[in-house]
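Structural description and commentary
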Amino acid sequence: MATFIVLLGPPGVGKGTQAEVIAETTGLPHVSSGDLFRENIKNATELGTLAQTYMNKGELVPDDVTIAMIRERLSKPDCKEGALLDGYPRTVVQAEALEKLLAEFDGKVDYVPYITAAEATLIERLSGRWTCKAEGHIFHEKYNPPKLAGICDLDGSELYQRDDDKAETVIRRIQVYLTLTAPLIAYYRERGILSEINGAQPIDKVSADLLAVLGK
Ligand SMILES: [Zn+2]
């Protein structure tokens, strides 16, 4: 039977890195809803074009469009054994839609690892990011500081803080995530498939805890 994993975690918790580790270890494809949107839009598929019309109007893409993209992705041969879902679902309504969809594939959500960390840790990680103006090289005030403050080690260009990396934006993003997903977390916890993973640990330790949850 296919195995489906829903990976949850707020911005700054290192979800992308861990998704790669899980995909590599389990052999399950990493199905990121963000990537699916970008690919469908880039390839101007019917669904991509439809999604784009909503985005052009500044509206949210309806759930049925997203579900259709995921259905199409899960129908591909590499998802025969299951998939690691990332970025979807975000709400209880979407989780219910996902349950119906996975039933079409004789599957269900088997594991929901939720990587967490204190809000202050997430804010520190995300808001300390500085980007090189020339090549986009990324530094971090605390974890990967440039030799000279404000200057890129690699090409000597000026470093700046992207709007996305400014403290007020970061705080809002984290709070929106936590508020929006709280009911989803409760939904999966009630079903007994949610496992909290301490994302404040070193990356290797987080990976080990995750794989243990998945029985790997
Ligand atoms: Zn640079």
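Residues numbered from 1 in each chain as written. Predicted model: local features only at pLDDT ≥ 70, side-chain atom pairs only at ≥ 80, totals over all residues. Heavy atoms only, no water.

1. So, the packing of helix α3 (residues 46-56) against helix α4 (residues 63-74)
What counts is decided by this rule: A fitted line through C-alpha atoms represents every axis, and for helices the fit uses only the stretch in contact; the resulting angles, taken between N-to-C directions, go from 0 to 180 degrees. Here a strand is any run of E in DSSP of at least two residues, a helix any run of H or I of at least four, and the numbering for each starts at the N terminus. Angle categories are assigned with fixed cut-offs, so that under 35 degrees is roughly parallel, over 145 is roughly antiparallel, 65 to 115 is roughly perpendicular, and the rest are oblique. What makes a crossing left-handed is the near helix being turned counterclockwise from the far one by less than a right angle; a clockwise turn instead makes it right-handed. Contacts: residue pairs with any heavy atoms within 4.5 Å of one another. Residues are grouped as follows: Ala, Val, Leu, Ile, Met, Phe, Trp, Tyr, Cys and Pro are nonpolar; Asp, Glu, Lys and Arg are charged; every other residue, Gly included, is polar.
The contact between α3 and α4 brings their axes to 10 Å, and the two run at 155°. The angle between α3 and α4 places the two elements in the roughly antiparallel class. Along this stretch, α3 crosses α4, giving a crossing that reads as left-handed. Between α3, through Leu47, Gly48, Leu50 and Ala51, and α4, the contact on the second element is made entirely by Val65, Ala68 and Met69. The residue inventory of the contact of α3 with α4, partitioned by class, reads six nonpolar, one polar and no charged.

2. A few points about the pairing of strand β3 (residues 82-86)
Note the following rule: Partly exposed describes any residue whose relative accessible area lies between the buried limit of under 20% and the exposed limit of over 50%, with all areas from a 1.4 Å probe on protein chains only and scaled to the type maximum.
Most of β3 sits out of view: five of its five residues are buried. Side chains of β3 alternate between two faces, with Gly82, Leu84 and Asp86 and Ala83 and Leu85 buried alike.

3. A closer look at the nonpolar core
Defined as follows: Nonpolar cores are built from buried Ala, Val, Leu, Ile, Met, Phe, Trp, Tyr and Cys residues. Side-chain atoms within 4.5 Å join them into one set.
The biggest cluster of nonpolar side chains holds 33 residues, and the ones touching the most others in it are Val6, Leu8, Leu74, Leu98, Val109, Val112 and Tyr188. Broken down by secondary-structure element, the contributors of at least two residues to this core are β1 (3-7), α2 (33-42), α3, α4, β3, α5 (92-104), β4 (109-116) and α7 (167-190). Leave out the neighbours within four places in its chain, and Val112 touches Val6, Leu8, Tyr188, Ile193, Leu194 and Ser195. Residues Ile5, Leu7, Ile22 and Ile115 belong to the second largest nonpolar core, which totals 17 residues.

4. Details of the sheet that holds strand β5 (residues 129-132)
What counts is decided by this rule: A pair of strands is labelled paired if DSSP reports no fewer than 2 bridges between them.
Read from one edge of the open sheet, three strands run β6-β5-β7, paired in antiparallel fashion. On the outer flanks of this sheet lie β6 (138-140) and β7 (159-160), each paired with one strand and no other. Of the pairings in the sheet, the one linking β5 to β7 comprises two bridges and is antiparallel in character. From the neighbouring strand, Thr131 faces β7, where its bridge partner is Tyr160.

5. Some remarks on the coordination of the zinc ion
Octahedral six-donor coordination of a metal ideally yields angles of 90 or 180 degrees, compared with 109.5 degrees for tetrahedral four-donor coordination. As a reminder of what qualifies: Water is absent from the atoms considered, so a metal site may look incomplete; donors are defined as N, O and S atoms within 2.8 Å of the metal, or 3.2 Å for Na, K and Ca.
Of the protein atoms, only Cys132 (SG), His137 (ND1), Cys152 (SG), Asp155 (OD) and Asp155 (OD) coordinate the zinc ion, at distances of 2.1 to 2.7 Å. Here the donor residues of the zinc ion share one chain and are spaced in sequence as C-x4-H-x14-C-x2-D. Judged by relative accessible area, Cys152 falls into the buried class, the value being 3%. For Asp155, a relative accessible area of 33% gives the class partly exposed.

6. Digging into the side chain of Gln161
Selection criterion: Any N or O atom pair separated by 3.5 Å or less is treated as a polar contact, with the protein-specific requirement of one donor-capable and one acceptor-capable atom, and with residues adjacent in sequence counted only for side-chain atom pairs.
Within the secondary structure, Gln161 is located in the loop between β7 and α7. Here Ser127 takes part through its backbone oxygen, which lies 2.4 Å from a polar atom of the side chain of Gln161. In terms of polar contacts, Gln161 uses its side chain to reach the backbone carbonyl oxygen of Asp165, at 3.3 Å. Excluding residues that lie within four positions of it along the chain, Gln161 makes contacts with Ser127, Gly128, Arg129, Trp130 and Lys166.

7. Structural notes on unusual backbone geometry
Residue Tyr88 is joined to Pro89 through a cis peptide bond whose omega torsion reads 0°. For Pro89, the position within the fold is in the loop between β3 and α5. Despite not being glycine, Ala44 has its phi angle at roughly 50°, a positive value. Structurally, the position occupied by Ala44 is in the loop between α2 and α3. Notably, Asp106 is not glycine yet its phi reads approximately 55°, a positive angle.

8. A look at the packing of aromatic side chains
Formally: In this analysis, rings of Phe, Tyr and Trp, with Trp reduced to its six-membered ring, are considered paired at centre separations within 6.5 Å, and the interplanar angle assigns stacked below 30 degrees, edge-to-face beyond 60, and tilted for intermediate values. Charge-over-ring contacts are defined here by two conditions on Lys NZ or Arg CZ: a distance within 6 Å of the ring centre and an angle within 35 degrees of the ring normal.
By the definition in use, this model includes one aromatic pair. Where Tyr187 meets Tyr188, the ring centres are 5.2 Å apart and the plane angle is 75°; that geometry is what we call edge-to-face. As far as the burial class goes, Tyr187 and Tyr188 line up, both buried. Here the guanidinium or amino end of Lys57 rests over the ring plane of Tyr54, the centre of that ring lying 5.3 Å away. The ring of Tyr187 is capped by Arg191, whose NZ or CZ atom sits 3.7 Å from the centre of that ring.

9. Considerations on α4
The line we're drawing: Between the first and last residue of a helix there are one fewer steps than residues, each counted as 1.5 Å, and that sum is the expected span.
For α4, with 12 residues, the first-to-last C-alpha span of 16 Å sits near the 16 Å given by 1.5 Å per residue. Restricting attention to buried positions, one finds in α4 the residues Val65, Thr66, Ile67, Met69, Ile70, Arg73 and Leu74. On its buried face, α4 sits against β1, β2 (30-32), α2, α3, β3 and α5.

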